[in-house]
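Next come the chains, spelled out residue by residue.
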Number of protein chains: 8
Amino acid sequence: MKVGVVMGSDSDYPVVAKALEILKAFDVKATVRVLSAHRTPHEALDFAAGAEEEGIEVIIAAAGKSAHLPGVMAALTAMPVIGLPILSSTLDGLDSLLSIVQMPKGIPVATVAINGGENAGILAVQMLSVKYPRLREAMKTYREKMREEVLIKDQDMIEKTRNYR
Amino acid sequence: MKVGVVMGSDSDYPVVAKALEILKAFDVKATVRVLSAHRTPHEALDFAAGAEEEGIEVIIAAAGKSAHLPGVMAALTAMPVIGLPILSSTLDGLDSLLSIVQMPKGIPVATVAINGGENAGILAVQMLSVKYPRLREAMKTYREKMREEVLIKDQDMIEKTRNYR
Amino acid sequence: MKVGVVMGSDSDYPVVAKALEILKAFDVKATVRVLSAHRTPHEALDFAAGAEEEGIEVIIAAAGKSAHLPGVMAALTAMPVIGLPILSSTLDGLDSLLSIVQMPKGIPVATVAINGGENAGILAVQMLSVKYPRLREAMKTYREKMREEVLIKDQDMIEKTRNYR
Amino acid sequence: MKVGVVMGSDSDYPVVAKALEILKAFDVKATVRVLSAHRTPHEALDFAAGAEEEGIEVIIAAAGKSAHLPGVMAALTAMPVIGLPILSSTLDGLDSLLSIVQMPKGIPVATVAINGGENAGILAVQMLSVKYPRLREAMKTYREKMREEVLIKDQDMIEKTRNYR
Amino acid sequence: MKVGVVMGSDSDYPVVAKALEILKAFDVKATVRVLSAHRTPHEALDFAAGAEEEGIEVIIAAAGKSAHLPGVMAALTAMPVIGLPILSSTLDGLDSLLSIVQMPKGIPVATVAINGGENAGILAVQMLSVKYPRLREAMKTYREKMREEVLIKDQDMIEKTRNYR
Amino acid sequence: MKVGVVMGSDSDYPVVAKALEILKAFDVKATVRVLSAHRTPHEALDFAAGAEEEGIEVIIAAAGKSAHLPGVMAALTAMPVIGLPILSSTLDGLDSLLSIVQMPKGIPVATVAINGGENAGILAVQMLSVKYPRLREAMKTYREKMREEVLIKDQDMIEKTRNYR
Amino acid sequence: MKVGVVMGSDSDYPVVAKALEILKAFDVKATVRVLSAHRTPHEALDFAAGAEEEGIEVIIAAAGKSAHLPGVMAALTAMPVIGLPILSSTLDGLDSLLSIVQMPKGIPVATVAINGGENAGILAVQMLSVKYPRLREAMKTYREKMREEVLIKDQDMIEKTRNYR
Amino acid sequence: MKVGVVMGSDSDYPVVAKALEILKAFDVKATVRVLSAHRTPHEALDFAAGAEEEGIEVIIAAAGKSAHLPGVMAALTAMPVIGLPILSSTLDGLDSLLSIVQMPKGIPVATVAINGGENAGILAVQMLSVKYPRLREAMKTYREKMREEVLIKDQDMIEKTRNYR
């Protein structure tokens, strides 16, 4: 099973890398590309159009500002596309969020939080888990681990705030 | 194949109905519920926790204002959850959009446009199509139909604007 | 001389028509199309790629919500592209404005006001007037007419508010 | 008398600690927990449901981004719940503010300013002071002290700006 | 037990009336006043300063635009003050929300949703219920009734959407 | 004593008329003009430059969208200029508010609320009252009248809500 | 001639000091106070109520967040009040701007840009210049100096960019 | 061929310089000026009015906050004017963006992204390329170079992420 991970600029990589780490943790392969909806439109289109044949089952597309890449991916393939809005130096991420989430009728992009790299990866795994029971089970284990981490922090907090009791 | 469709209030139904029509068009079953993260939290949790067993493979959750229902669904099940922000009478939908999309690390909600009922339905079908090839093919046909509708409108427009040529 | 005028949906026509009226008033021809960056991406790309050959010298692209059409046009042609953000039912036009104006480095879109149909038309004429002196002169005349209209309204206002003097 | 103080992540502690210091200054006990509406939903629910029995009379809930924890608390207990929106790295706190304050009809959350830790503590004391006259008197003394601090700063300012007189 | 309910303008009454209906349903008395922080500042101050003596235990203050009334109430009394932001004709309620919720350190206002009249009433009852066990019980009953109403709507929805199953 | 009242478009008149009524009530004369910073820039400049000589002592400038007229007035005269932002069909008045209030260092515009016609008039009278004691006294009387109107509404409200006591 | 300059917190001083420097440059006296609408309401009211008698002719009021101080000043005196919104650590100054500028009908506050200390001072001088011709002349000289500074920067820029000619 | 490049303050130069570098790369001359719509209005007007005669064919105008300079340029010349919004210390660039893009009917400003210096330069070249075929060809070459840079980054990314495959 394989996820296509595309970003509009290599400066998006630090956020995208969080998604890749998630995919790796779930033993899901990733094809990672720098493709620009505006600077390399043909390559972007070719990637989207050929994704299914290449064995990709879900696409994650990250972009900032007027973030059109997720929409371009969604327009050229019938598989689900996850949009990952990237914070840039002005407008606090609102521009990329709205450019990705407010897609017109017919072509949705499954949008996650601004700079939410991990969540893009987790959502991709969840989508794949519709088909692959192994991933569903792995996700439940992952959830359980997250839960346990919070429980430990909860215990630490109870300890740390003993003097307020 | 079945989608769980929940809404925080029955007043959300006109938007949700657009998702249901899409599901019906793709011959995907839907379990439709009114569940409030705040007024019936236990029922909401029970639904999410039991969804997998009930045969549900994807959840669509619609809510307005401080829209917590999609996040509650996502917290209680490992399957993908689609968040559908509903426009209410103040703040132009920004409150429900941000309440749904800005989920913390670990628990994503696949967010679509404000009042984007059709797109919630289409995204659900796309997620299911990871598993069911029939839906992938049907989605391609649907896309082709959308394309043809635009082409007809394009022809009409060319006709209608002949005097500007 | 000819302008390519594209819109993402035929529901944008009432705003786009104002641009067409301006072009007609300046005796500039227009090729008008309904092209969707998402529903008919190939047709959109073909139009942009072939625009120069077809004799088009400037493109006006109108779109709402996650408004990607102007950016798609700009990506596929080297001629100037004017972006016309369309108001839709949520977020008061902010989504389409930001989706159009916040273009990444390298591919600008010349953005006008939300629903600013006339201004899109006028800007197209101004761009053409770099080449065609006739249009520069016509624009000066148009400006003079606008000025005179305001002067008449000014006189009317002076008259109408005489009792406040 | 006791206040339940919950936060969605231990990274919220620096802001929450300001509330704890206020409670301590008023000699009000606090049970402090890290509970996530999304990562430990059952523990969060259990805490809210058992709060009354544990002797808690008011709950303060702090959370950032899609801040659902205060709403979850409010849904599961009939006591007043104070929501404390936490600033995160994008959108300048607007997301957590709207996620907390825009609660639907029936389940209010008493929201204070973004990162307003002290005010969450003071509001909790004020709520308790409805029942405990000692706290009402202590609050009046606290107010008087605040007033005197401002008066001293006022005197200092008068001194410092003497050359502008 | 008594709640002071003040509004900045009698045009706020339709929203405030929803709070009054809640108070009545819980058999809580209300003193209702039109007091303007700006047009009748002395009367506003006198009301706040005398509220405790008059037997008022919680104040609800409603205001729109630059909504200063809740803050003025909070500045002049040590009891908890609930702020109810009122939607006016511009800026979609954002101005009144921010004017009320973003109170500086030391003087909190317990803010509810824009136009959230019912929730202001419910929060007042919850605050009083810290002292009056009868109200706590009544609130639990109220919650149960709300829950049942949602359950009925849920049943109706299940029925109504049978054809999508 | 005389106020210059300018508006960018005669469609602003309904809001501006409220300012004129205030001026009339205080027996202050007004010169009322339709002047566009963009369509009649020279006339706008001439008006501002000649205002002092014409006996104008304060200018009120109303404009919508990219509202430059108040700034143009302020740039061309040393007298105080009041900016009145006008609501237009998109962005809820935020564009005109920010275009008027965020003036760069050196050239302030005294900005009032969006569509705040009365307040523009009152502020003009207050500025004039620095010089004319008659207006200061008249303003105090006006304030007293406003206060009395609120007091009457307060009495009416007390009456009307008797059943909630 | 004297200006009353009040701020809600001594942390506002760096911005307020810019206004004081302007006043000093124009040889206008200033009474500078730290007064909190919320923490020292009585002192704030007393200052406003006594300002006229103390010889103050214009008030500048600076405040951040839910910035009520300018409105309180305006409510208690008939002289013009200038509002200076202060940037705080969240929401980028939008909260203080809206809290100050969106004043209800009857009580305007002459609002300047966020953190616009100089402009608050200049506007105060302009208001005083309605009465004092010396200040009008001094303002014209100040404007001329500003103009000359820009002209020098313009010359420097022409020089510096010679290689682009 | 020559572009007029004006900025409201020399502090805008770092952003403007990116436009100049683009123009230089395309061998387009630039006249660069510091002109303030508010501090040197006459010089600004003179520049705009004389631009055509001076051989300027397109104007780029950069400004921050209440950014009126592009609109002033557009009002005084019939040639196309590009508006470049500059980020300042508050409101994240939203004020300058809206002040520039929301121009009223009749006088458009071709707006690019906040701080989008390069794009302002590129858009100017595109406008000139309507007339000068050399620039059209050079732009295509520039595009091709951009494309190749992205392709190299794409190759690097494929390499760098090999372990995720």
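Residues numbered from 1 in each chain as written. Chains lettered and ligands numbered in written order. Predicted model: local features only at pLDDT ≥ 70, side-chain atom pairs only at ≥ 80, totals over all residues. Heavy atoms only, no water.

(A) The arrangement of the packing of aromatic side chains in detail. Throughout the structure, instances matching the rule amount to eight aromatic pairs over all chains. A centroid spacing of 5.3 Å and a plane angle of 55° characterise the contact between B:Phe26 and B:Tyr142, whose relative ring orientation is tilted. Here B:Phe26 is found in the loop between α1 (13-25) and β2 (29-34), whereas its partner B:Tyr142 is found in helix α6 (residues 133-160), with 116 residues between them in sequence. Residue B:Phe26 is classed as buried on the basis of its relative accessible area, which comes to 3%. The lysine or arginine in question, C:Lys160, covers the ring of F:Tyr13, its NZ or CZ lying 4.1 Å from the ring centre. Above the face of the D:Tyr164 ring, G:Lys24 is positioned so that its terminal group lies 5.4 Å from the ring centre. (Phe/Tyr/Trp six-rings, centres within 6.5 Å; stacked < 30°, edge-to-face > 60°. Helix = DSSP H or I, 4+ residues; strand = E, 2+ residues; numbered from the N terminus. Buried < 20%, exposed > 50% of the residue type's maximum accessible area, 1.4 Å probe, protein only. Lys NZ or Arg CZ within 6 Å of the ring centre and 35° of its normal.)

(B) Looking closely at the relation of the copies chain B and chain A. Rotating chain B by 180° and moving it 0.0 Å along the rotation axis overlays it on chain A with an RMSD of 0.0 Å. Within this description, the copies of the chain are treated as partners about a two-fold rotation axis. Most of the interface of chain B is mirrored in chain A, where 100% of its interface residues are also at the interface. (Least-squares fit on C-alpha atoms with pLDDT ≥ 70 in both. Contact = heavy atoms within 4.5 Å.)

(C) Representation of the environment of G:Gly8 within the structure. Residues and elements named next belong to chain G. Tracing the backbone shows Gly 8 in the loop between β1 (2-7) and α1 (13-25). On the accessibility criterion, Gly 8 (15% relative accessible area) is buried. Considered as a pair, Gly 8 and Ala 61 are 53 residues apart in the sequence and their alpha carbons are 7.9 Å apart. Excluding residues that lie within four positions of it along the chain, Gly 8 makes contacts with Val 34, Leu 35, Ser 36, Arg 39, Ala 62 and Leu 69.

(D) Region of interest: the arrangement of the chains. Nowhere do chain D and chain F come into contact; their C-alpha atoms are at least 17 Å apart. Between chain B and chain H there is no contact, and the shortest C-alpha to C-alpha separation is 17 Å.

(E) Expanded view of the pairing of strand β4 (residues 81-86) of chain D. Residues and elements named next belong to chain D. Counting buried positions over the six residues of β4 gives six, a clear majority of the element. Here β4 shows no split at all, with Val 81, Gly 83 and Pro 85 on one side and Ile 82, Leu 84 and Ile 86 on the other all buried. Where strand β3 (residues 56-64) meets β4, six bridges bridge the pair, whose relative direction is parallel. The residue of β4 that forms the bridge with Gly 64 is Ile 86. As for the winding sense of the linkage, the β-α-β connection from β3 through helix α3 (residues 69-76) to β4 is right-handed. Looking at chain direction, β4 and strand β5 (residues 110-111) are connected through two bridges and run parallel. By the bridge assignment for β5, Gly 83 is matched with Thr 111. Regarding the hand of the β-α-β motif, the stretch spanning β4, helix α4 (residues 94-101) and β5 is right-handed. (Pairing = 2+ DSSP bridges. Right-handed = clockwise from strand over helix to strand, strands pointing away.)

(F) View of the relation of the copies chain B and chain C. Of the transformation placing chain B onto chain C, the axial shift is 0.0 Å and the rotation is 90°, giving an RMSD of 0.0 Å. Such values leave the two copies arranged in the relation of a four-fold axis. When each C-alpha of chain B is compared by its distance to the rotation axis, B:Asp92 comes out closest, at 5.2 Å. An asymmetric contact is evident, with only 6% of the interface residues of chain B recurring at the interface of chain C.

(G) Summary view of the interface of chain B and chain A. Opposite the 41 residues of chain B that make contact, chain A presents 41 residues. Summed over both partners, the interface of chain B with chain A buries about 3400 Å², with 59% contributed by carbon and sulfur atoms. For B:Arg136, the salt bridge goes to A:Glu52, with nearest N and O atoms at 3.6 Å. If you look at where chain B meets chain A, you find 21 residue pairs in polar contact (both at pLDDT 80 or more). Considering only residue class, the side of chain B that touches chain A consists of 26 nonpolar, seven polar and eight charged. (Buried area = accessible area lost by both parts, 1.4 Å probe. Salt bridge = Lys/Arg side-chain N within 4 Å of Asp/Glu carboxyl O. Polar contact = N/O pair within 3.5 Å; in protein donor to acceptor, adjacent residues only side chain to side chain. Nonpolar A, V, L, I, M, F, W, Y, C, P; charged D, E, K, R; others polar.)

(H) Looking closely at the interface of chain B and chain C. The interface of chain B with chain C comprises 18 residues on the first partner and 23 residues on the second. In total, chain B and chain C occlude about 2000 Å² of area from one another, counting both sides; carbon and sulfur atoms represent 60% of this. Per-residue buried area on chain B facing chain C is highest for B:Met157, B:Tyr164 and B:Arg165; these three make up 35% of the total on that side. On inspection of chain B and its partner chain C, the count reaches three salt bridges. For B:Asp154, the salt bridge identified is with C:Arg33, shortest N-O distance 2.7 Å. At the boundary of chain B with chain C, the tally comes to seven residue pairs in polar contact (both at pLDDT 80 or more). Ranked by residue count, the leading element in the side of chain B that touches chain C is α6(B), at nine residues.

(I) Layout of unusual backbone geometry. With a phi close to 65°, E:Leu91 is a non-glycine residue in the positive phi region. Assignment of secondary structure puts E:Leu91 in the loop between β4 (81-86) and α4 (94-101). Notably, F:Asp92 is not glycine yet its phi reads approximately 60°, a positive angle. For F:Asp92, the position within the fold is in the loop between β4 (81-86) and α4 (94-101).

(J) Up close: the pattern of salt bridges. All chains considered together, the criterion is met by 86 salt bridges over all chains. For the salt bridge of F:Glu52 with G:Lys140, the shortest nitrogen-to-oxygen distance reads 3.0 Å. Here G:Lys140 lies in helix α6 (residues 133-160) and F:Glu52 lies in the loop between α2 (41-51) and β3 (56-64), a pairing that spans two chains. A residue is classified by how much of its surface remains accessible, and F:Glu52, at 30% relative accessible area, is partly exposed. Salt bridges here are not isolated pairs; linked through shared partners, they connect A:Glu52, B:Arg136, B:Glu137 and B:Lys140.

(K) Focus on the pairing of strand β3 (residues 56-64) of chain G. Residues and elements named next belong to chain G. Among the nine residues of β3, eight are classified as buried, and the element is accordingly described as predominantly covered. Where β1 meets β3, six bridges bridge the pair, whose relative direction is parallel. When the sheet's bridge partners are listed, Val 5 is paired in β3 with Ile 60.

(L) Geometry of the domain arrangement of chain A. All names here are of chain A. Domain parsing of chain A yields domain 1 (2-131) and domain 2 (133-165). On a C-alpha basis, the centres of domain 1 and domain 2 stand 29 Å from each other. Residue-level contacts link eleven residues of domain 1 with eight residues of domain 2. Interface area for domain 1 against domain 2, summed over the two sides, is near 840 Å², with a carbon-plus-sulfur share of 66%. On the surface where domain 1 and domain 2 come into contact, there are zero salt bridges. Linking domain 1 to domain 2 there are three residue pairs in polar contact (both at pLDDT 80 or more). For the side of domain 1 that touches domain 2, the residue count by class is seven nonpolar, two polar and two charged. (Domains from an automatic or database assignment.)

(M) Up close: helix α4 (residues 94-101) of chain A. Counted residue by residue, α4(A) has eight buried out of eight residues, so it is predominantly covered. Restricting attention to buried positions, one finds in α4(A) the residues A:Leu94, A:Asp95, A:Ser96, A:Leu97, A:Leu98, A:Ser99, A:Ile100 and A:Val101.

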